[in-house]
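Spelled out from the first residue to the last, the chains are:
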Amino acid sequence: MSFSIYKSSFFIKENKLITGWSNKIIDSEIKKIESTDSNYPALGKYYSFPLSEQLYAYYPLAIDALPSQTEELNMLIKESKVKWKNDFFISPYYRIANAIINDAYIQHFYAYYEEDGLADSWQSVCSSYIKEIADCTSYEEYSIYSYKHYASVRDGHMYIMNGYNKPGSMLGKYVRIYYPDILLKYVEGKVCIADYSSTYKDLQPGDQIVAVNGKDIKSLLEEKLKLVSASTKGSSFEKVCNMFIFQSFKKDSIIHIQVKQDGNITRDMALRTNKTQNREFNQGEFIKQIEDGIWKINPCTDKKNSYSAFAKYIDEFQHAKGIIIDVRGYPQASILPILSHFIDTTAAVGQILTPTFYYPNHDNVKYEITALSSWGIHPAIEPYQKEWEYDKPLPVRLQTPVVFLTDHNAISFAETIMELVKSHGIGTIIGQPTAGTNGDAVIVRSPTIGMIFTGYKFLTFGGERHHGVGVRPDIECPFRMEDLKNQEDTHIKKACEWINSKYD
C-alpha cells in the first residue's frame, strides 16, 4: 500500500479500544489532518476489501470534506440503537447478526489476530459458524457452537458471556450454567478430584475420573478441548476441568460418573449440578504459618485480603526463615504494597502496547507504549507518593528469602505480577508456566452472545513475546498424584524444601 503527501487538510476516522467494564467498546473520532505521515490513510486512495472470491468493495478512508448529516442518515442511526426484542432466539437472523458483529471485532481489533494465524483462517471459520447457528434448535446447541467457534481465538481472556448476565447479554439471562460442588485438576495426564463439598462422602482426593455419563474420559477430553479458548496447552486443560467437564445447562441435573480409587476400585457415583460456578481453587487463608519459620501469603483469596492485615505480621516476617507468596490465581491489589518490601529499586511493569486503528484488518496499526506501561512498584523505604495507586507501605525492607508460586491458573494481572517478579529478580518462582495471556481486555456487549477478548498487546520488560508463552518458573514443578491423594500441595512442599535448604 502506497502513501502520498498532501499539503491540503483532510479528514480521517481514528479508532481506539476502550478496555475494562465500559459499555462502550470503540472510541471513534473524526480527525482533521493538516499533514500526513505513514500511519494515516492517504487522500485519493481507495481501500480494497474482499467480500467473496470475485467481489470486492472499494471505499476511501480519507476524505477532503465531511458529508452533511441527512435526515435519512439520522433516522438510520436512531433505528440502529433500538434494543433487540426478547424473542431474539426465534429468528436465525438475530443470531447471524450477532455473529457478524462479534466476528468483526475479532477480525479488526483482537490484539493477537496475526499471532494466532487467524488472518488465513478466520473468514472460513466464520462462514461455518453462521451455517451452524442458523440451523440450531436449542439454547444449549447455540452455546456449544459458539464455544467451538471462539475457541479458534487462542486467547485465555476469551469468555463467552452466557451463564451470567453481568455484561447484559440476553443469552446470559436465558441460559444459566450449573456445576456440582467439586473441583477437578489435571494431574499426570489424568482428570482427578481435587476438592469437593461434604455432600460427596464417598469421594477421595486423587480419585481419577474414568467416565462421565457413559463417555470415557479420554474421548470427553478430546471433545471438550475443542470448546476451549486458551493461549497455552496447560491452561487449556485447566479451563476444561474448570468449565466444561461437569457443565450443565439445567439446574439440579444428575451427572453420572465413574471414578477409579486406590487399589483400582471403580465406583459409580451421581453428582448434582446445583452451583452456578465451580468450586474455586486456591481459596485458603490470606496469611498462615505453614511450618516453623515459614509463612505463606495468598493474595488470590478474598478472605480478609488487605495490606493492613499483612502489616500486622511485619515483625514476624522480618525474623522468618522464608516467605511464600502464592500467585496461582488472580491476585488482589494488596499484592502491590506487599511486593514493595522486597525491592531496593523501582520495579517497572512489562510493555503494554495500546493500538490506534485507521485501517481495517490490522493494517498499519499504530502501537504506543503509553502511561499504562509507566507504572511500577516502588521500594517501601522510599517516600510514599499518592500517584502510586496502592496502599502506603510501612518503611521496612524485608531481607527474608521469598518464593513465588505460580501455575496455569495465573492469567492477566497475575501474569503482570509474575513478569515483574521474573524481570526484576524479586524472588524465586516455583510451579508451572502461567497462562500466556496478558494485555488489557475488551468487553463486547452484543445482544445475544457477548464476549471478552484481549485488545492491547503485552510484551515482557525486555520487549519479548508473552502471548502463548507466559512466565516460566525458575524451578518447574508439576503437581504430583501422590501429593494430591495425601492432600498435600506439591508446590508448597517444593517451596519449603527450597527455603530450608538455605539453612542446611
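Before any of the text, the structure's been laid out above.
All values reported here derive from a predicted model rather than from experimental measurement.

A. View of the overall build of the chain. Across its full length, the chain carries 13 helices and 25 strands. In terms of C-alpha radius of gyration, the chain reaches 26 Å, essentially the compact-globule figure of 23 Å for 504 residues. Referenced to the eigenvectors of the C-alpha coordinate spread, the extents of the chain come out at roughly 75 × 60 × 35 Å. Sorting the 504 residues of the chain into buried and exposed places 51% on the buried side. Nonlocal contacts in the chain, meaning residues at least 24 apart in sequence, comprise 68% of its contacts between residues at least 6 apart.

B. Spotlight on the sheet that holds strand β13 (residues 287-291). Pairing is mixed in the open sheet, where six strands are placed in the order β13-β14-β15-β20-β21-β25. Of all strands in the sheet, those bounded by a partner on one side alone are β13 and β25 (475-476). Packed onto the sheet, helix α13 (residues 490-501) meets β13, β14 (294-297), β15 (322-326), β20 (402-406), β21 (428-431) and β25 and runs at close to 160° relative to β20.

C. Broad picture of the environment of aspartate 207. Its location among the elements puts aspartate 207 in the loop between β8 (190-196) and β9 (208-212). With 66 residues separating them in the primary sequence, aspartate 207 and glutamate 141 have C-alpha atoms 31 Å apart.

D. Structural view of the sheet that holds strand β23 (residues 450-454). On the basis of which strands lie adjacent, the open sheet formed by three strands has the order β6-β23-β22 and antiparallel pairing. Bordering the open sheet on either side are β6 (159-161) and β22 (441-444), each of which pairs with just one other strand. Averaged over all pairs of adjacent strands, the angle between strand axes in this sheet comes to 20°, irrespective of strand direction. For β6 and β23, the ladder comprises three bridges, and the chain directions are antiparallel. Bridge pairing links tyrosine 159 to isoleucine 452 in β23.

E. Representation of unusual backbone geometry within the structure. Phi is positive for histidine 362, close to 60°, though the residue is something other than glycine. Here histidine 362 lies in the loop between β17 (351-357) and β18 (366-369).

F. The pattern of salt bridges, seen in detail. Overall, the coordinates contain 21 salt bridges when judged by the stated rule. For aspartate 483, the salt bridge is made with arginine 480, and the minimal N-O distance between the two is 3.5 Å. Its relative accessible area of 2% is what places aspartate 483 among the buried residues. Of the residues examined, arginine 480 reaches a relative accessible area of 37% and is grouped as partly exposed. Note that aspartate 483 is salt-bridged to lysine 493, the shortest N-O span being 2.9 Å. Of the two residues, aspartate 483 is situated in helix α12 (residues 481-485) and lysine 493 in helix α13; the sequence distance between them amounts to ten residues. Salt bridges sharing common partners tie together Arg480, Glu482, Asp483, Glu488 and Lys493.

Reading the values: the criteria
Here, residues in each chain are numbered from 1, in the same order as that chain's written sequence. Under the rules for a predicted model, residues below a pLDDT of 70 receive no local features and side-chain atom pairs below 80 are neither given nor counted, while totals for whole chains, interfaces and linings still include all residues. Hydrogens and waters are ignored; side-chain quantities use all the structure's heavy atoms. Helix and strand definitions here come from DSSP, where helices need a minimum of 4 consecutive H or I residues and strands a minimum of 2 consecutive E residues; each element is numbered from the N-terminal end. C-alpha atoms define the radius of gyration, and 2.2 Å times the number of residues to the power 0.38 defines the globule rule. Only protein chains enter the area calculation, which uses a 1.4 Å probe; residues under 20% of their type maximum are buried, those over 50% are exposed, and those in between are partly exposed. A contact between two residues is defined here by any heavy atoms of the two lying within 4.5 Å. By the convention used here, strands pair only if DSSP detects at least 2 bridges between them. To obtain each axis, a line is fitted to C-alpha atoms, and for helices this fit is confined to the stretch in contact; angles are then taken between N-to-C directions over 0 to 180 degrees. We count a salt bridge whenever a side-chain nitrogen from Lys or Arg sits within 4 Å of a carboxyl oxygen from Asp or Glu.

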